[in-house]
Amino acid sequence: MQIAFFRTGPRRGVAQGGRRAFERVRGCRTGFLVLLAVFGFCRMGGGAARAAEVLPVALEETPPLADAAFRDQVRAEVDLAWLETLAGSAMGAGFYAIAEGFHRQALDTPGIAAERRLAVGLGLTTALLAQSKTDEAARLLESLSPPDSAAWNLRRALLAFQRDEFDDMGSVLERLAVDALESDERAWFHFLRAERAERAGRRGEAEAAYEEALAGATSSAQAAVFRLAQLQSRLRAGEATEGLAAQLRRQMEEAQGQRIGFQYGLGYAVVLQTLGRGEEAVAVLTRQRDLLPPAEADLRDQTLLVLGLIGLTGADPARGRQAFRELLVQGQDVVLQRAALLRLAAATSTQGVATTAGLRQFYDQLLARTPAHPLFEELLFFSAELALRNGDLVRAESDVESLLTRYPGTALRSHALAVLASAAWLGERYRNAASHVAQLRAIETDPRQDVALAALQGECFYRAGLQTGSASDFRNAGEAYAAAQRSREASGVEENVRTFTTGTLLYQRVMSAIRAGDPTGAGELLDAAGSGSGVDAESRWQAHWNLLRAMQAAGEVDAAARRVERLADMADAPAGLRLRFLWLSAQLSLDTGNAADTAARVARVLAFLQEVDPQNVERSVRAEVASNAALLAAQARMETGETEEGVAAMEALRRDYPGSRAALYSFLVQARYLEMSNQIVEAQRLLTRLADEHRDSEYAPLALYEAALLAERRGQDAFLIEATQLLDRMAREFPDERHQFPARFKQAEISRKLLRFAAAEQLYLFLESAFPGHPEQAFVQLALADTLLAQSTSAPGKFEGAITRLERLAVLPGADADLRAEAGHMLGLAWSGHGNPDRAALLYWEVYERFLGAGTQGRELGARGRYWLSRTLFDLARIEEAAGRRDNARRAYEAVLRHGLPGERLARGSLGSFQGGG
């Protein structure tokens, strides 16, 4: 975040106004409007000159003194919450490899708090265990190692289960505090109890525990896993030994062709797999699948499921996936089909694009079946998850909307809404994402999740505001962040456990109020958040800093100075921020015209630099503050009339801190003071020196721009040509849009002053084609139309090009009202100059009616638009008077008076001449 601003005192001179316009062109949507307001178009060849308007004093940025790490921390906390949302959605659908990827990204979040790291790490462990990545899961658990965590101990037990370390699993289960587990985790606890009892031969206890696990399952996916384990345990029905394998094989062969023989075959295959003879198991199951008669549909379904599971363990993954597909296409047992769907999705999530493309075709085949597949509901959701993984956001949303429409009471509703929210977020449709998150909040019962979801809803609105600049989006963001705070306070949810910190929520509320144009509200929030509010000092002081920055940017420097003084000694502020506030106090003394006081405040900054522990303030920050303090001291000297001492101080700054942003910016500051004292040549020399010696500096293009303005100010053709050359250099050396656009536009304007209309036309045409989506493209069109009209006498064909553009601009939806008013006036003026005053009169009247007719009251118009409406009415009156329609002319002058437009005295004089003439 950019947070440090200063200004160099009173602004005078063309170069300074143009520089401000250039900076605003680079930084905001309305910047080009400002550029045109400052310079206007000098209409050659019969046109009238635009009246330049006075710009408010703008603040410029100095080297940023903000803590970029804090900005990154806030953004990382938001991104972490979304990664957890995506990971949870993928886990719920069985896309374990995808969930692993999201969890890994979340775990790599810089500065992640210990409690949050544990929650994310446990989620990653679960994803690894679901893929049988036991070694990775073991290493991760050891790195987390919180012995008093029930959730950690549960994963340790699951790991022991997967490794067949049943004694270790039993000891962990015995000391595990089951009441401390989440509801879905308790189901896994009962599942492990069932497996332990099964291994010990306590079949009755095992069956009861399996049923308890199934009753506690929180999703169909989890229930399917439990059913599958129960089936496998029933098939195995004993310790896997070579003797058991031989016995089962003999029984299978003796009962060949009978139902009991097929049942023995299933058990035999499971035992073979347990003994590490997977390829033999696959062969047994494949043969059994081919021999089973249609009447034994249930055994065929079981055979396909076991074949799929054994195949995927490494024996034959392709055959395993094919078995699952056969079960989904031909099977009759919905429970087993659901297990196959889960395992197929999980297996495919680890594969490449080619495999997922095949899965997409398979899903589409099942979804197209008539009658509908019994798992149609789940298939829609799995299809949406796959589309989300592959970046097909349109398909993901379409599938989920079909799911919610067809099954309004679906148990997958929360997962479906998460997909919708994620797709909207990834597609940068933040208002849609906020709507889906709100729906998630409406059905969420976990208070921890509500805190996170409310904060995410706030972030959606916040980013929507950044996209559109809409104050209402930022207000909505602030309300959502406040709701998150209230939810935390009401439920007692602790921080850092899948939730945003209290400090982050306050910081975002303050930023939302600032961007909504309510600095007063932002200040009230901060004033209420004292040191005892649970808000960390870093967040509170960073928010204070950004509020002061916003006040400066709005020109409220006096109020900002008063607020800084009220903040007293900032004893609990982090050292780096306290240092910045001391610097800001010095800066504001200069901004508010108290330059005589600046030196003392700079001395406080330097004294603190000497006193503070170097370990508490980064070296780069110390150098940044010191160099900026030196720049402030030099400016203060120049403001108080000590010009020579100020220049010497700036030269010392450039010598002591070579290459620093403050040192480079001092060239611009010194050049502006030289301009104010009318030393134009010396100012221009200093600016070109900056551009020549520091071409990689961010200030180099601005220096070239200001040097061009100074050359233009000198007026003579030779200097105007020099100005165009400087602008051409700027555009060539800095070809990005934010530099090239204003450079080429200004170059075209100066070309018109030189009466080089053809050259100007080519530059405008270049801007028209190179930057078609530029927010200020309408002003290029207006300038191009004016240039074409200036050439229309010698090149009549250009008249139509100008008229076409003006007609479009005059009614362009969403265009600036003042621009549309000017385009309408230019259109009438063009036809009047083309020998068609009657058509001009009609067009003038149309402009008047559009903006000041009945019911309009000129609400859209600014000062410039009202000027063009006045010009329109005066030109209309002259045409009417020349045609002998004096009553119409009188009404036009009266309209000027009635609407309080510029030119009131001239209108009264014209009306008086009518009365005097009878």
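Residues numbered from 1 in each chain as written. Predicted model: local features only at pLDDT ≥ 70, side-chain atom pairs only at ≥ 80, totals over all residues. Heavy atoms only, no water.

## Structural notes on the overall build of the protein chain
Part 1: A count of helical and extended segments in the protein chain gives 45 helices and two strands.
Part 2: Looking at the protein chain as a whole, 55% of its 918 residues are labelled buried.
Part 3: Once local pairs closer than 6 in sequence are excluded, the contacts in the protein chain between residues at least 24 apart make up 61%. (Helix = DSSP H or I, 4+ residues; strand = E, 2+ residues; numbered from the N terminus. Buried < 20%, exposed > 50% of the residue type's maximum accessible area, 1.4 Å probe, protein only. Contact = heavy atoms within 4.5 Å.)

## Side note on helix 38 (residues 757–770)
Part 1: The first and last C-alpha atoms of helix 38 sit 20 Å apart over 14 residues, in line with the 20 Å expected at 1.5 Å per residue.
Part 2: Along helix 38, the residues classified as buried are F757, A760, E761, L763, Y764 and L767. The buried side chains of helix 38 occupy one side of the element, clustering within an arc of 165° when seen end-on. Every exposed residue of helix 38 that faces more than 90 degrees away from the buried side is listed here: Q762 and S769. (Expected span 1.5 Å × (residues − 1). Arc of directions from axis to C-beta.)

## Notes on the packing of aromatic side chains
Part 1: Summed over all chains, the structure comprises 17 aromatic pairs.
Part 2: Look at F381 and F382: their rings are 6.2 Å apart centre to centre, the planes differ by 85°, and that puts the pair in the edge-to-face class. Of the two residues, F381 and F382, both sit in the buried class.
Part 3: Aromatic rings pair up to connect F161, F166, W188, F191 and Y210 into one cluster.
Part 4: Positioned over the ring face of F376 is R406, at 4.2 Å from the centre of the ring.
Part 5: A cation sits over an aromatic face here: R714 above F719, 3.8 Å from the ring centre. (Phe/Tyr/Trp six-rings, centres within 6.5 Å; stacked < 30°, edge-to-face > 60°. Lys NZ or Arg CZ within 6 Å of the ring centre and 35° of its normal.)

## As for unusual backbone geometry
Phi is mostly negative for residues that are not glycine, and the peptide bonds are mostly trans.
Part 1: Following T370, the chain continues to P371 via a peptide bond in cis, the omega torsion being -5°.
Part 2: Position of P371 relative to the elements: it lies in the loop between helix 18 (353–367) and helix 19 (376–389).
Part 3: Look at E428: it is not a glycine, yet its phi comes out positive at around 60°.
Part 4: Its place among the elements puts E428 in the loop between helix 21 (413–426) and helix 22 (430–443).

## Digging into the packing of helix 41 (residues 817–833) against helix 43 (residues 863–882)
Part 1: At a minimum axis distance of 8 Å, the contact between helix 41 and helix 43 shows a crossing angle of 25°. The angle between helix 41 and helix 43 places the two elements in the roughly parallel class. Relative to helix 43, the crossing made by helix 41 is left-handed. Residues D818, L819, A821, E822, H825, L829 and S832 of helix 41 touch helix 43, and the partners they reach there are A863, R864, G865, W868, L869, R871, T872, D875 and I879.
Part 2: Here the residues of the contact of helix 41 with helix 43 are counted per class, giving seven nonpolar, four polar and five charged. (Axes fitted to C-alpha atoms, helices over the stretch in contact; angles between N-to-C directions. Parallel < 35°, antiparallel > 145°, perpendicular 65-115°, else oblique. Left-handed = near helix turned anticlockwise from the far one by under 90°. Nonpolar A, V, L, I, M, F, W, Y, C, P; charged D, E, K, R; others polar.)

## A few points about the side chain of S383
Part 1: Within the element layout of this structure, S383 appears in helix 19.
Part 2: Exposure remark for S383: the relative accessible area of 0% places this residue in the buried category.
Part 3: S383 has contacts with R360, Y363, L367, R395 and D399, leaving out every residue within four places of it along the chain.

## Quick look at the environment of Q615
Part 1: Locating Q615 in the fold gives a position in the loop between helix 30 (595–611) and helix 31 (619–639).
Part 2: Residue Q615 is classed as exposed on the basis of its relative accessible area of 74%.
Part 3: For the pair formed by Q615 and A575, sequence separation is 40 residues and the distance between their alpha carbons is 9.7 Å.

## A look at helix 8 (residues 166–174)
Part 1: For helix 8, the complete set of buried residues consists of F166, M169, G170, V172 and L173. The buried residues of helix 8 occupy an angular sector of 165° when projected down its axis, which confines them to one face. Turned more than 90 degrees off the buried face of helix 8, the exposed positions are D167 and E174.
Part 2: On its buried face, helix 8 sits against helix 7 (150–162) and helix 9 (183–199).

## As for the pattern of salt bridges
Part 1: For the coordinates displayed, the defined rule picks out 54 salt bridges.
Part 2: Across the pair D450 and R441 runs a salt bridge, and its minimum N-O distance is 3.0 Å.
Part 3: A salt bridge links D728 to R732, with the nearest nitrogen and oxygen atoms 2.8 Å apart. Linking D728 with R732, this pair stays in helix 36 (residues 717–733), spanning four residues, or about one helical turn. (Salt bridge = Lys/Arg side-chain N within 4 Å of Asp/Glu carboxyl O.)

## Concerning the environment of E378
Part 1: By secondary structure assignment, the location of E378 is in helix 19.
Part 2: Taking the relative accessible area as the measure of exposure, E378 reaches 9% and is therefore buried.
Part 3: The spatial distance from the C-alpha of E378 to the C-alpha of L342 is 9.6 Å, given a sequence separation of 36 residues.
Part 4: Reaching out from E378, the side chain makes a polar contact with the side chain of R338 at a distance of 2.7 Å. (Polar contact = N/O pair within 3.5 Å; in protein donor to acceptor, adjacent residues only side chain to side chain.)

## Section: the nonpolar core
Part 1: Counting 144 residues, the largest nonpolar core has W82, L305, L328, Y363, L548, F581 and L584 as the members making the most contacts within it.
Part 2: A total of 10 residues in this core trace back to one element, the largest contributor, which is helix 29 (residues 575–591).
Part 3: When near neighbours in sequence (up to four residues on either side) are disregarded, L328 contacts Q337, A340, L341, L344, F362, L366, R369, H373 and L375.
Part 4: By size, the runner-up hydrophobic cluster in this structure holds 43 residues, among which are A662, A663, L686 and L727. (Core = buried A, V, L, I, M, F, W, Y, C linked by side-chain atoms within 4.5 Å.)

## Structural notes on the confidence of the model for the protein chain
Caution is warranted with low-pLDDT regions, since their predicted coordinates should not be read in detail.
Part 1: Summary statistics for the protein chain give a mean pLDDT of 82 and a share of 86% for residues scoring 70 or more.
Part 2: Between residues 1–66, whose pLDDT stays under 50, and residues either more than four places distant or in other chains, the model counts 199 contacts. (pLDDT = per-residue confidence, 0-100.)

## As for the packing of helix 5 (residues 114–130) against helix 7
Part 1: Two numbers describe how helix 5 lies on helix 7: the axes approach to 10 Å, and their chain directions differ by 15°. Between helix 5 and helix 7, the crossing angle belongs to the class labelled roughly parallel. Seen from above, helix 5 lies across helix 7 with left-handed handedness. Seen from helix 5, the contacting residues are L122, T125, T126 and L129; seen from helix 7, they are A151, W152, R155, L158, L159 and Q162.
Part 2: Across the contact of helix 5 with helix 7, the residue classes break down as six nonpolar, three polar and one charged.

## With respect to the side chain of E397
Part 1: With respect to the secondary-structure elements, E397 resides in helix 20 (residues 393–406).
Part 2: Side chain to side chain, E397 and R429 meet in a polar contact 2.9 Å long.
Part 3: With residues near it in sequence (within four places) discarded, E397 still touches L420, A423, A424 and R429.

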